[in-house]
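Read off the chains here:
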Protein chains: 2
Amino acid sequence: MGNLRMRNMDVFSGLRRTLINRPALGVYPSKNWVEELKSSVLSVAPKGLNQITTMACGSCSNENAFKAIFMRYRKRERGGAGFTAEENESCMVNQAPGSPALSILSFHGAFHGRTLGVLSCTHSKAIHKIDIPAFDWPVAPFPVYKYPLEDNIRENQAEDKRCLAQVADLIEQWSKKGNPVAGIIIEPIQAEGGDHHGSPEFFQQLQKLSKEKGVALLIDEVQTGGGPCGTLWCHEQFNLPSPPDVVTFSKKMLTGGFYHTEEYKVDQSYRIFNTWMGEPSKIQVLKKVLEVIKRDDVLKNVRVTGDVLLNGLKDFQNRYPQLLNSARGRGTFIAVDAANSGLRDKVLVKLREKGVNAGGCGEKAIRLRPSLVFEPKHANIFLGTLESILKEL
Amino acid sequence: MGNLRMRNMDVFSGLRRTLINRPALGVYPSKNWVEELKSSVLSVAPKGLNQITTMACGSCSNENAFKAIFMRYRKRERGGAGFTAEENESCMVNQAPGSPALSILSFHGAFHGRTLGVLSCTHSKAIHKIDIPAFDWPVAPFPVYKYPLEDNIRENQAEDKRCLAQVADLIEQWSKKGNPVAGIIIEPIQAEGGDHHGSPEFFQQLQKLSKEKGVALLIDEVQTGGGPCGTLWCHEQFNLPSPPDVVTFSKKMLTGGFYHTEEYKVDQSYRIFNTWMGEPSKIQVLKKVLEVIKRDDVLKNVRVTGDVLLNGLKDFQNRYPQLLNSARGRGTFIAVDAANSGLRDKVLVKLREKGVNAGGCGEKAIRLRPSLVFEPKHANIFLGTLESILKEL
């Protein structure tokens, strides 16, 4: 213990300057900042996305990713031309053409944050949005599948098609009404909205559509990124033929930010900027977290534990079909629906009374979000507790 | 040195849990979080503002303050009634009445951040805004004074009146076009926009007007707060008859957030929320900073040093009137205008060549933003360097 304490103190002592300062990163990065990024967030960048902008939280990450998307959209429209005098003047009073009518398409049930831009793309609960002005941006249906997937292949394929047709249609509609779609934002798993999953085929087709329409595809991995799905990035499991244009992150990554392709790099300085642009001390913690993930093969643990949890829940839904259904998940990012919202709430309370902190999402889902070091033995304790509750109901 | 290192290590060791974790503060605050806030940010709250919400950066602070303002506005309109079914449904697709057309009035030359909501209130430079969609919100003129103030009293009073009349007129216009103003956002000193000052009388009248019109007054102290103006909050120097409704902060305060009155407290949980809502380790650093500010009477040093700087600049503008004019400031938050933009840039380069890092703001201002521990002896070194450059020009 004395040794352990000493070691920890040594670690902090070496980070003294990082811990007691709060630098304006974009203006005065430390000499080693690029190296710090390379050995942390950039070392786990999704394949093909070698550009990064760090930010202070998830909402800011999405907000600034939108900005990069709008700038790339207008740059392409402009060809090589510079800003016009009219653009320079009109934007100063929030008017077109300088402040153009451009939109981001999002999905019903989505959650992308709470500041005014991203809140226009959040549609999980009315209480998050009510009373707050919003941009007139289009909202498409996100697939809602029938489970178990293997018994409902045809219906779910039809659901994918229905949603994709709507996306295409909305892009067309908004273009016609003079508010064209510059980008699509989507979660790999709609977390806050109720753990809705889209199939790999859905995401592949969505990417194809986005390329055909010339709009950006932004995958929001704020909730799913950092390992809980059994891979560092959930969208890696979709086998997309090429990288998404932008991937945002926060939460488990300990700092906010977004990865993007060269195409979304902004030419002029200060167009994407924030005084703090993240927090260097958290990059230090992230480096250690990533080191442990690698050293202990933590993502394998997530996959193995996830199998135990998901198989356990599938077993329960077979044995208690009047209580539970639609178990689904990737890694330990798992949910199961209760028969109704009241029952879900009751199960959550009973779990808490028995010492298990689980949450709800969407209308009737029980969601599991254990830490990355949650092991099969812990999963079995949870399943035992849950079954004791199911037996009582 | 050995002792010093040991002491610092001890400090960090006691904060181990704070330093290696990144809690979801709004959901799982630590047991002592309220005490931590009371002994840091709340201990220096502007008079009359005993409510606080912490946030991760300055942009998020203003964005969330806007949300509190919109919610209070609609709550008052609604009387005691709850949300209607129509509101609950329409907001989910970004439409009125759930997502109402409501606006925030801001000022030409203002800077309030870069995410999409607050960017609609930023008007300092076109490059910050161009290509990004904006809300159709009104923009009023901010007073532009003639200096020295003592020689231009009548003209500057007329300027105050002109701007206030425009504010009243815009509130009327936006109400008529169905996009009523719910709040006014203003900096005590327009920093990014060129160090434009408003007189205490201007701010008093603006508050009076905001109360008459029933709109919130938000004072953005992200740049001015934390001591550089010689008081912890710049607006304290305006002798407002009652507290502003909301005051936002970030930067020197090391964490973002906003103070507000009881009236702007949100009834339901999760309506104003962010996963991190700030960073507890920075609250620890802030506690130490505030302790030193008090112990060493640092704000007095700021005022004394500010006098040395401002008097020095006034002396220069008298002796080099073809080069410099309009020296102005509070505390060490000081600026002086160069005769033109090219000259300003030249002076900044020459300062840098001589080892002085100063910045520009607005069209032709040289702005001084020394740290709080910048003393008269440092001010004299700076003035000596600047004069050597003025002599060369």
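Just so it is clear, the structure is predicted and the values come from calculations on it, not from any experiment. (Residues numbered from 1 in each chain as written. Chains lettered and ligands numbered in written order. Predicted model: local features only at pLDDT ≥ 70, side-chain atom pairs only at ≥ 80, totals over all residues. Heavy atoms only, no water.)

1. Comments concerning the overall build of chain A
Step number 1: A tally of helices and strands in chain A yields 13 helices and 13 strands.
Step number 2: Its C-alpha radius of gyration of 22 Å places chain A within 12% of the 21 Å reference for a compact globule of 393 residues.
Step number 3: Its C-alpha atoms give chain A principal-axis dimensions of roughly 70 × 60 × 40 Å.
Step number 4: Here the analysis covers contacts within chain A between residues at least 6 apart in sequence; of these, 71% occur between residues at least 24 apart.
Step number 5: Carbon and sulfur atoms make up 52% of the accessible area of chain A, which totals about 16,100 Å². (Helix = DSSP H or I, 4+ residues; strand = E, 2+ residues; numbered from the N terminus. Rg over C-alpha atoms; globule rule 2.2 N^0.38 Å. Contact = heavy atoms within 4.5 Å. Areas by Shrake-Rupley, 256 points an atom, 1.4 Å probe, with all protein chains shown as cover.)

2. As for the relation of the copies chain B and chain A
Step number 1: Note on the copies: chain B fits chain A at an RMSD of 0.0 Å, the axial shift is 0.0 Å, and the rotation between them is 180 degrees. Look at the turn and shift together and you get a two-fold axis relating the two.
Step number 2: Most of the interface of chain B is mirrored in chain A, where 100% of its interface residues again form contacts. (Least-squares fit on C-alpha atoms with pLDDT ≥ 70 in both.)

3. A few points about the interface of chain B and chain A
Step number 1: Taken together, the contacts link 76 residues of chain B with 76 residues of chain A.
Step number 2: Around 6,900 Å² of area is buried between chain B and chain A when both sides are counted, 61% of it from carbon and sulfur atoms.
Step number 3: Our enumeration of links across chain B and chain A arrives at eight salt bridges.
Step number 4: In this structure, Arg271 of chain A and Asp131 of chain B form a salt bridge, with 3.1 Å as the shortest nitrogen-oxygen distance.
Step number 5: At the surface where chain B touches chain A, the tally comes to 36 residue pairs in polar contact (both at pLDDT 80 or more).
Step number 6: Contributing elements (two or more residues each) for the side of chain B that touches chain A: α1 (2–14), α2 (16–20), α4 (58–78), α5 (85–90), α6 (116–119), α7 (126–129) and α10 (280–295) of chain B. (Buried area = accessible area lost by both parts, 1.4 Å probe. Salt bridge = Lys/Arg side-chain N within 4 Å of Asp/Glu carboxyl O. Polar contact = N/O pair within 3.5 Å; in protein donor to acceptor, adjacent residues only side chain to side chain.)

4. Remarks on the sheet that holds strand β1 (residues 51–55) of chain A
All names here are of chain A.
Step number 1: The strand order across the open sheet formed by seven strands is β1-β9-β8-β7-β4-β2-β3, and the pairing between neighbours is mixed. Pairing within the sheet leaves two strands with one partner each, and these edge strands are β1 and β3 (139–140).
Step number 2: Relative to strand β4 (residues 181–186), helix α9 (residues 200–213) is tilted by about 170 degrees, and along the sheet it contacts β2 (103–107), β4 and β7 (216–220). (Pairing = 2+ DSSP bridges. Axes fitted to C-alpha atoms, helices over the stretch in contact; angles between N-to-C directions.)

5. Some thoughts on unusual backbone geometry
Leaving glycine aside, a negative phi is the common case for residues, and trans is the common case for peptide bonds.
Step number 1: Each neighbour pair has its own omega, and for Tyr147 of chain A with Pro148 of chain A the value is -5 degrees, a cis peptide bond.
Step number 2: Following the sequence through the fold, Pro148 of chain A ends up in the loop between β3 and α8 (153–176).
Step number 3: Residue Pro97 of chain B follows Ala96 of chain B across a cis peptide bond; omega there is 5 degrees.
Step number 4: Looking at the secondary structure, you find Pro97 of chain B in the loop between α5 and β2 (103–107).
Step number 5: Even without a glycine there, the phi angle at Tyr270 of chain A is positive, about 70 degrees.
Step number 6: With respect to the helices, strands and loops of the structure, Tyr270 of chain A is situated in the loop between β9 (256–260) and α10 (280–295).

6. With respect to the domain arrangement of chain A
All names here are of chain A.
Step number 1: Here chain A is partitioned into domain 1 (21–294) and domain 2 (298–392).
Step number 2: On a C-alpha basis, the centroid separation for the pair domain 1 and domain 2 is 29 Å.
Step number 3: Facing the 25 residues of domain 1 at the interface are 21 residues of domain 2.
Step number 4: In this assembly, domain 1 packs against domain 2 so that about 1,800 Å² is buried in total across both faces, 58% of it on carbon and sulfur atoms.
Step number 5: Taken together, the links from domain 1 to domain 2 amount to two salt bridges.
Step number 6: A salt bridge links Asp195 to Arg369; its shortest N-O distance comes to 2.5 Å.
Step number 7: Inspection of the region where domain 1 meets domain 2 yields 10 residue pairs in polar contact (both at pLDDT 80 or more). (Domains from an automatic or database assignment.)

7. Details of the sheet that holds β2 of chain B
Residue and element names in this part refer to chain B.
Step number 1: Pairing is mixed in the open sheet, where seven strands are placed in the order β1-β9-β8-β7-β4-β2-β3. The open sheet has two edge strands with one neighbour each: β1 (51–55) and β3 (139–140).
Step number 2: Contacts from helix α9 (residues 200–213) reach β2, β4 (181–186) and β7 (216–220) within the one sheet, and its direction differs from that of β4 by about 170 degrees.

8. Brief notes about the packing of aromatic side chains
Residue and element names in this part refer to chain B.
Step number 1: Tallied over the full model, the rule gives 27 aromatic pairs over all chains.
Step number 2: When the ring of Phe142 is compared with that of Phe202, the centres are 6.0 Å apart and the planes differ by 65 degrees; the resulting orientation is edge-to-face. Taken as a pair, Phe142 in the loop between β3 and α8 (153–176) and Phe202 in helix α9 lie far apart in primary sequence, 60 residues in all.
Step number 3: The exposure class of Phe142 is buried, given its relative accessible area of 4%.
Step number 4: Look at Phe202 and Phe203: their rings are 5.5 Å apart centre to centre, the planes differ by 80 degrees, and that puts the pair in the edge-to-face class.
Step number 5: Judged by relative accessible area, which is 0%, Phe202 ranks as buried.
Step number 6: Residue classification places Phe203 among the buried positions, given a relative accessible area of 1%.
Step number 7: The positively charged end of Lys177 is found above the aromatic ring belonging to Trp174, 3.8 Å away from the centroid.
Step number 8: Between the NZ or CZ atom of Arg369 and the centre of the ring of Phe333, over which it lies, the distance is 3.7 Å. (Phe/Tyr/Trp six-rings, centres within 6.5 Å; stacked < 30°, edge-to-face > 60°. Buried < 20%, exposed > 50% of the residue type's maximum accessible area, 1.4 Å probe, protein only. Lys NZ or Arg CZ within 6 Å of the ring centre and 35° of its normal.)

9. Looking at the state of the cysteines
Step number 1: Across all of its chains, the model carries zero disulfides over all chains by this definition.
Step number 2: Its sulfur unpaired, Cys229 of chain A is 3.8 Å from the next cysteine sulfur, which belongs to Cys234 of chain A.
Step number 3: When its relative accessible area of 2% is taken as the criterion, Cys229 of chain A is described as buried.
Step number 4: Free of any disulfide, Cys57 of chain B has its nearest cysteine sulfur in Cys60 of chain A, 3.7 Å distant.
Step number 5: For Cys57 of chain B, a relative accessible area of 1% corresponds to the buried category. (Disulfide = S-S within 2.5 Å.)

10. Quick look at the packing of helix α12 (residues 341–353) of chain B against helix α13 (residues 376–392) of chain B
Residue and element names in this part refer to chain B.
Step number 1: The N-to-C vectors of α12 and α13 enclose an angle of 125 degrees; their axes lie 10 Å apart at closest approach. Relative to α13, the element α12 is oriented oblique. Judged by the twist between their axes, the crossing of α12 over α13 is right-handed. Taking contact as the criterion, the partners of Val347, Lys350 and Leu351 in α12 are, on α13, Phe382, Thr385, Leu386, Ile389 and Glu392.
Step number 2: Taken together, the residues that form the contact of α12 with α13 break down as five nonpolar, one polar and two charged. (Parallel < 35°, antiparallel > 145°, perpendicular 65-115°, else oblique. Left-handed = near helix turned anticlockwise from the far one by under 90°. Nonpolar A, V, L, I, M, F, W, Y, C, P; charged D, E, K, R; others polar.)

11. Concerning the packing of α8 of chain B against α9 of chain B
Residues and elements named next belong to chain B.
Step number 1: Interaxial distance between α8 and α9 falls to 10 Å at its minimum, and their mutual angle equals 20 degrees. Classified by the angle their axes make, α8 and α9 are roughly parallel. Where α8 crosses over α9, the two elements pack in a sense that is right-handed. Packed against α8, whose contacting residues are Asp160, Cys163, Leu164, Val167, Ala168, Ile171 and Glu172, the element α9 presents Phe202, Gln205, Leu206, Leu209 and Lys213 at the interface.

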